[in-house]
Structure formats: C-alpha cells, structure tokens
Amino acid sequence: EKPWVRMVTAQTPTNIAVIKYWGKRDETLILPVNDSISVTLDPAHLCTTTTVAVSPSFDQDRMWLNGKEISLSGGRYQNCLREIRAQACDVEDEEKGIKIAKKDWEKLHVHVASYNNFPTAAGLASSAAGFACLVFALAKLMNAKEDNSELSAIARQGSGSACRSLFGGFVKWIMGKAEDGSDSLAVQLVDEKHWDELVIIIAVVSSRQKETSSTTGMRDSVETSLLLQHRAKEVVPKRVKQMEEAIKNRDFGSFAQLTCADSNQFHAVCLDTCPPIFYMNDTSHRIISCVEKWNRSEETPQVAYTFDAGPNAVLIAHNRKAATQLLQKLLFYFPPSSDADLNSYVIGDKSILK
Ligand code: PMV
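Residues numbered from 1 in each chain as written. Predicted model: local features only at pLDDT ≥ 70, side-chain atom pairs only at ≥ 80, totals over all residues. Heavy atoms only, no water.

## What to know about the overall build of the chain
Now for step 1: Within the chain one finds eight helices and 18 strands.
Now for step 2: Computed over the C-alpha atoms, the radius of gyration of the chain is 21 Å, within 12% of the 20 Å expected from 2.2 N^0.38 for a compact globule of 354 residues.
Now for step 3: Referenced to the eigenvectors of the C-alpha coordinate spread, the extents of the chain come out at roughly 70 × 40 × 40 Å.
Now for step 4: Considering the chain as a whole, with its 354 residues, one finds that 54% of them fall into the buried category.
Now for step 5: Taking the intrachain contacts of the chain between residues at least 6 apart in sequence as the baseline, contacts between residues at least 24 apart amount to 71%.
Now for step 6: Surface accessibility of the chain: about 16500 Å² in total, with carbon and sulfur atoms responsible for 51%.
Now for step 7: Side chains of the chain carry 40 positive and 43 negative charges; the gap between the two charge centres is 2 Å. (Helix = DSSP H or I, 4+ residues; strand = E, 2+ residues; numbered from the N terminus. Rg over C-alpha atoms; globule rule 2.2 N^0.38 Å. Buried < 20%, exposed > 50% of the residue type's maximum accessible area, 1.4 Å probe, protein only. Contact = heavy atoms within 4.5 Å. Areas by Shrake-Rupley, 256 points an atom, 1.4 Å probe, with all protein chains shown as cover. Lys, Arg positive; Asp, Glu negative; His and termini not counted. Charge placed at Lys NZ, Arg CZ, Asp CG, Glu CD.)

## Some points on helix H5 (residues 226-248)
Now for step 1: Taking 1.5 Å per residue, 23 residues should reach 33 Å; H5 reaches 32 Å between its end C-alpha atoms and fits that length.
Now for step 2: Remark: the principal bend of H5, roughly 45°, maps to valine 235, with a proline, proline 237, within the next four residues.
Now for step 3: Along H5, the residues classified as buried are Leu228, Arg231, Ala232, Val235, Val236, Arg239, Val240, Met243, Ala246 and Ile247.
Now for step 4: The inward-facing, buried residues of H5 contact strand E2 (15-19), strand E5 (36-40), strand E12 (170-174), strand E13 (185-190), helix H4 (214-224) and helix H6 (252-271).
Now for step 5: Just beyond H5, the residue with positive phi is arginine 250, at close to 50°. (Expected span 1.5 Å × (residues − 1). Bend = angle between axes of the 7 residues up to and from the residue.)

## Some points on the site of the ligand
Now for step 1: Taken together, 14 residues sit near the ligand, with Tyr21, Ser159, Ser161, Arg164 and Ser214 positioned nearest.
Now for step 2: Measuring from an oxygen atom of the ligand, one finds a side-chain N or O atom of serine 159 at 3.0 Å.
Now for step 3: In this structure, an oxygen atom belonging to the ligand sits 2.7 Å away from a side-chain N or O atom of serine 161.
Now for step 4: Contact with the protein chains removes 94% of the 380 Å² of surface that the ligand exposes when unbound.
Now for step 5: Grouping the amino acids of the shell around the ligand by side-chain chemistry returns six nonpolar, five polar and three charged.
Now for step 6: Each of two domains, domain 1 (6-190) and domain 2 (199-353), supplies a minimum of three residues to the shell around the ligand. (Near = heavy atom within 4 Å. Polar contact = N/O pair within 3.5 Å; in protein donor to acceptor, adjacent residues only side chain to side chain. Nonpolar A, V, L, I, M, F, W, Y, C, P; charged D, E, K, R; others polar. Domains from an automatic or database assignment.)

Any functional reading would require information beyond the geometric quantities listed.
Below, the structure written as structure tokens:
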C-alpha cells in the first residue's frame, strides 16, 4: 500500500495585550492571576504560518521552526499534543482516498513546520501566534469539533497569551475559576471590523532575544511583588470593565488612557520584582515621553503605547491621520540611521529598514 500524507496549513497573527497578563496561579496549566484583553494584528503582518502533516510513515512527532528542527519534548508542546489528540475524530478524505479512524490517532505521528515572519522571542509575542497556529492546524488535521474558545484553552497550555490569538479583533482571556483550567479561555469581544480605523505601528527598538523569559519573570513577580497582588485584585478587574466599555463605544480617549496606564503598571511590577526586571530601555522611555507630550498637547489622546516583555513599542493610532503624524514624529526624533535608536518601523504593509 502506498504511504499517504495528509497536510493542513494555517496562518495565525500575533496579538498585543492592552490589559496585560502577568503572573500565573498555576504554572503547569498556565492559569493567570487576572483577566487580560488584547487586539489581534492583521494576519498579513507578524504572523506564524504552520503546516502540519500526518502519515503512517512518520515514526515520531517532529517540528521545525524557521527551518531548524526543535525538540517537542518540552511539557508545553506535549500538553498541547496530548490535549488535541484526545479531541481527534474520524477523518475521511475521499479525494485522496485517506481514511483515519478516531482510534488511529493514538498511533499516528505528526510533522510540524512553522515560520514566523518576525523575530522570535523579541517581545513581539511570537509564542502567541505560534501555539495558537499549531493548535488550530492540528485541530483541522485531526477533524476536532471544538470551537475556537475550546481550542483557546488548549493553546493556553502552550503559551498563555496564545489563547487570545484564536480570534481576530479585540479578545478577552477570562482567567476562570475552575482548578482544572476548563473555564480559563478566550472570547471575542468585537471582531476586526468593529474598530477598523485604528492603525498599529510597531517601532522595533531591538530585535535581540529578551534577557528574562516571561516564564521566569512571572514566577519572580508572583513570588516577590506586592504591587502584582494589588494589581491583580484591585486594579485589573475594574480596568477590564472600563476597557470593554471603551472598545464597545470606540472611545479612543479612554482606550488610550487605559492602555498606557496598564503597560506602565506592568513594567512597574517588573521593577517591583526581586531581582528587578528591565524590559524597556532608554529608547522605549523616550518614545513614551514623546507620545505623552503629544497627547497632552491635543484635546484628546491621539496615540496609545504599550510594551510587552521587550523594548519594542507598539503604538496604536486613533486613525490614519494620527498614524501619519506619529510616523513623522518618530522619524524626526528617532531616525532609523542614528546609532542607538530604532532599527525599523512596521506599519501596515510598510517597513522602513535601517
Ligand atoms: O504568554 P507569554 O508567556 O509569552 O506571556 C506574555 C506576557 C505579556 O506579553 C508581557 C503580556 C500579555 O498579556 O501578552
């Protein structure tokens, strides 16, 4: 009998949190200490493309990331693979003459090839797009019947922020209460058409890999930061409600104020951690000052900034006009050719390289 191969390719954009997830209450299941809200980027930029294949001729699960083989032995990959295999169903592909029974999936192995069109682990949330794409592609390959929220609870076990990349638009990761994590999943708040005048610009301050992984950083923060406790209990629950309102009403003033405040508090928690974590650098701080000064000079804020576990600035402009002004200011104050400044800007389909 001729060995067959069944393949599925999926593409998933990354997401940027506007209310941050920082801190786990369960490290194995990846359960967070607070809800978070993110915006999923346009699939044309900062996305992962993953092809998954199954064949009776494969003798082990294997994965290649950006063309280099990586190990799948880590707990996070194993958890995702196990969970998704448990949901596999019968597959019948008449065209190719492939028939896979539900019980066969226990014995079959998969090969995974994944590409990021942006730097891995530079604080641009590459793991978010990666795990979301892996879980989604495997679900299609194995004909799993789960909806995207149910799949998000599996992607969450690969990387927390990944659960929010299963939807477009604005997405909320509900922290959940259950000990087994079954209610810790993502839901879509509004789709990508709801607020389509927003323009997101990423100022790539450095594409070097980050020094403190989010896993280590979060663990240290949970163990040592009193500010984190206060944030999770007193600040985020109210902020999440206000953010949901701002998004629903397309109220950019409130949206920008909440986004910037939440990014700043996340980085304050990092400073409050022992040992302290520095994700932003001087250039990041100068970008914040520049945006703050501009926002204050206008009647209402025109741009929101937010920084994840790295120095790169994610700037969300109110509309195209504000985005154009922003780029002009960035290019004036941070010309890509000057030494310690920015490497490039990514905006829509344009990237201005050094
Ligand atoms: O999912 P992780 O482990 O990469 O953590 C991501 C944490 C932040 O990006 C800093 C915040 C967030 O909510 O995405």
